[in-house]
Amino acid sequence: MSLDRWLATDNAVNLVFLSAAYLFLFLVLVFISLDWRKAGKKMKAWLELEPQKVGEEPQKFFLEGEVIIGRNEKADIFLTDRRVSSRHARIYQQEGYFYLQDLGSTNGTFVNGLPVKAPYRLEIGDKITIGPYVFFFEASK
């Protein structure tokens, strides 16, 4: 084998190795970037219950994981009115956003006056109505 041919083969191997190394580094940076974006989307969120009586302060219910709203005493947000089903609705977080889902309640769940038929992505300031209860979705990063 001539020296020129040996050097050409060696350069090709080096080129393949360097290309693989750069691809690996690029993929590492992409995955780190995705993790940072997800971490940036984590926010604190809560429901603020509009006072039922004059002079009462609004109640805050902080949202973490899955939150069940209903008339069952084991619900995370326990509501006593008979128009509320025992497992009325749930709020959960997915990919940095909070979603509201009606759990087949008898009287429905409403956001900004519209019935919730499928999981609804909540936005800051959304008005959630369950029976006679009115909540406002609030969040901060």
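Residues numbered from 1 in each chain as written. Predicted model: local features only at pLDDT ≥ 70, side-chain atom pairs only at ≥ 80, totals over all residues. Heavy atoms only, no water.

1. Examining a nonpolar patch on the surface
- On the surface, F17, L18, Y22, F24, L25, V28, L29 and I32 cluster together into a nonpolar patch covering about 850 Å² of accessible area.
- Within the secondary structure, F17 is located in helix 1 (residues 3-41).
- Residue class for F17 comes out exposed when judged on its relative accessible area of 59%. (Patch = residues over 30% accessible without salt bridge, like charges linked within 9 Å, V, L, I, M, F, W, Y side chains within 5 Å. Areas by Shrake-Rupley, 256 points an atom, 1.4 Å probe, with all protein chains shown as cover. Salt bridge = Lys/Arg side-chain N within 4 Å of Asp/Glu carboxyl O. Helix = DSSP H or I, 4+ residues; strand = E, 2+ residues; numbered from the N terminus. Buried < 20%, exposed > 50% of the residue type's maximum accessible area, 1.4 Å probe, protein only.)

2. Overview of the side chain of R90
- Relative to the helices and strands, R90 resides in strand 5 (residues 89-94).
- Of the polar contacts made by the side chain of R90, one reaches the side chain of E66; its length is 2.5 Å.
- At 2.7 Å, the side chain of R90 forms a polar contact with the side chain of Q101.
- When near neighbours in sequence (up to four residues on either side) are disregarded, R90 contacts E66, V67, I68, Y99, L100, Q101 and L103. (Polar contact = N/O pair within 3.5 Å; in protein donor to acceptor, adjacent residues only side chain to side chain. Contact = heavy atoms within 4.5 Å.)

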